[in-house]
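Coordinate analysis (summary)
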Amino acid sequence: MVEVPDPRAQHTGRHGGDSAQRRSPFRDFCPRFAKGKLVPIVLITESLLRHSTVADGRLLRDRMLSGFCVRMNARKRTFRVATSVGGKQFRMNLGYWPLMTVEEARAQAMEVLAQCRRGERPARPSAPVALPTLRAAYLAYCTDKGIKPASQKRYESLFRTHFGDWLDRPVADLGLPEFIEHCHAFAQTKGAALVELARGVVGALIRYVNALHGTALASPFTKLAAVGLLPDRAQPRARVLQESDLPAWRAAVDKLGAVQRDYLYLVLYTGLRRDEARELRREQIDLTTGVLSVPTTKNGKPHSLPITGAMRQVLERRCTGLEPDGELFAGVAAGHLSKMVARAGGPKFMLHDLRKLVATVGERLGVGDATLRRILNHTPPKADVLHRHYVSLGVVDVHDALTRIQMEVRRDLER
């Protein structure tokens, strides 16, 4: 890390060796420190800004171009021109790193300083901004936001299928009337769930572009919604699998392969989301302490559950002989399991039904909302400050409730 010396550092002695050692790097890195002044002079480079840990608001002046400087705040690095015009101080912010590179800022500073030397008081330079294409913008968005590969693949499919003509056009074109017309036609001809997906992705992407490039684009879907030209929001799917269907469901599941059978039972016992269970690895299962861990989840919060007796039977079978990075359910096509159960004579169901069953059984048994949210890894509403910021339940706190739910589910399976 590059650390700019603190001009406020106190020396232990006026002529002592320690003081001399402290002054030496000041002279090498910031010559003006040796003269007792507080503004360090350095060569402003990309490497300096990338590796510096300075975040106290101090100003660094450029050794190459007098009057060009950068202010080092905790949240941003601001390029500035600090000089005088006609005997009066002149200050101008040029932009922020890394949205503006050092070379771009230095080039703008040279133009501003040339005007100052001629005695002119310059206005803020307005360099044309080259905006990315829609394709480049959503790829950058996915990278910067850490979007999961599965979600990124879904977004790419959406853009490729329904917004393909716009992919290689600048994002500024998203503000054109013809793009609004395209979104209007899309909203009138597609299902509510697909329209909601497009509305969310396009809106998030436009907010990202506005923040990053200083544009003021508005989402067409927001405009369409304001005048009532969007379909009603998609309603949650009703649960297909009922408690009374569980005996027939169990009979069909027991005809499947061992790996598929164990996967379905684990989801039924834990309420884990489809991919959370499908991607479990041996290193996430601690049979000694009795904890199952899921580091990557839909809401971004790591999840963990106690390993109960019902879960242990499944997990011990699947963990036998696996390396730490080995998948418990390698080869399972989770999206096809409902069809496999149907072919084996079982009732129709969706994998998410198993998660809903855990919530339903928990509610029927009187399990509290906070405990159910902890079991299912649900985030409380933003207005629920108590459960968002104060109530924090651990693995031990939900062990008894999860065991009760599993016992009730197993009774329903055997009826």
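Just above, that's the structure.
A look at the sheet that holds strand β1 (residues 41–42)
Strands in a sheet are paired, the pairing made by backbone hydrogen bonds, and the direction either parallel or antiparallel. What the 5 strands build is an open sheet, ordered β1-β2-β3-β4-β5; its pairing is mixed. Lying at the two open borders of the sheet, with one neighbouring strand each, are β1 and β5 (88–97). Looking at chain direction, strand β2 (residues 58–62) and strand β3 (residues 68–72) are connected through 4 bridges and run antiparallel. Paired with Arg61 across the bridge in β3 is Cys69. The sheet contacts of helix α3 (residues 102–117) involve β2, β3, β4 (77–85) and β5, and relative to β4 the element is tilted by about 15 degrees.

So, the pattern of salt bridges
One pass over the structure, following the stated rule, counts 24 salt bridges. Residue Arg317 is joined to Asp262 by a salt bridge in which the shortest nitrogen-to-oxygen separation is 2.6 Å. Separated by 55 residues along the polypeptide, Arg317 in helix α12 (residues 309–319) and Asp262 in helix α10 (residues 258–270) bring together distant segments of the chain. Taking relative accessible area as the criterion, Arg317 reaches 43% and is therefore assigned partly exposed. Since its relative accessible area comes to 0%, Asp262 is described here as buried. One connected set of salt bridges, linked through shared partners, spans Arg239, Glu243, Arg364, Glu408, Arg411, Asp412 and Arg415.

About the criteria used
Residues numbered from 1 in each chain as written. Predicted model: local features only at pLDDT ≥ 70, side-chain atom pairs only at ≥ 80, totals over all residues. Heavy atoms only, no water. Pairing = 2+ DSSP bridges. Helix = DSSP H or I, 4+ residues; strand = E, 2+ residues; numbered from the N terminus. Contact = heavy atoms within 4.5 Å. Axes fitted to C-alpha atoms, helices over the stretch in contact; angles between N-to-C directions. Salt bridge = Lys/Arg side-chain N within 4 Å of Asp/Glu carboxyl O. Buried < 20%, exposed > 50% of the residue type's maximum accessible area, 1.4 Å probe, protein only.

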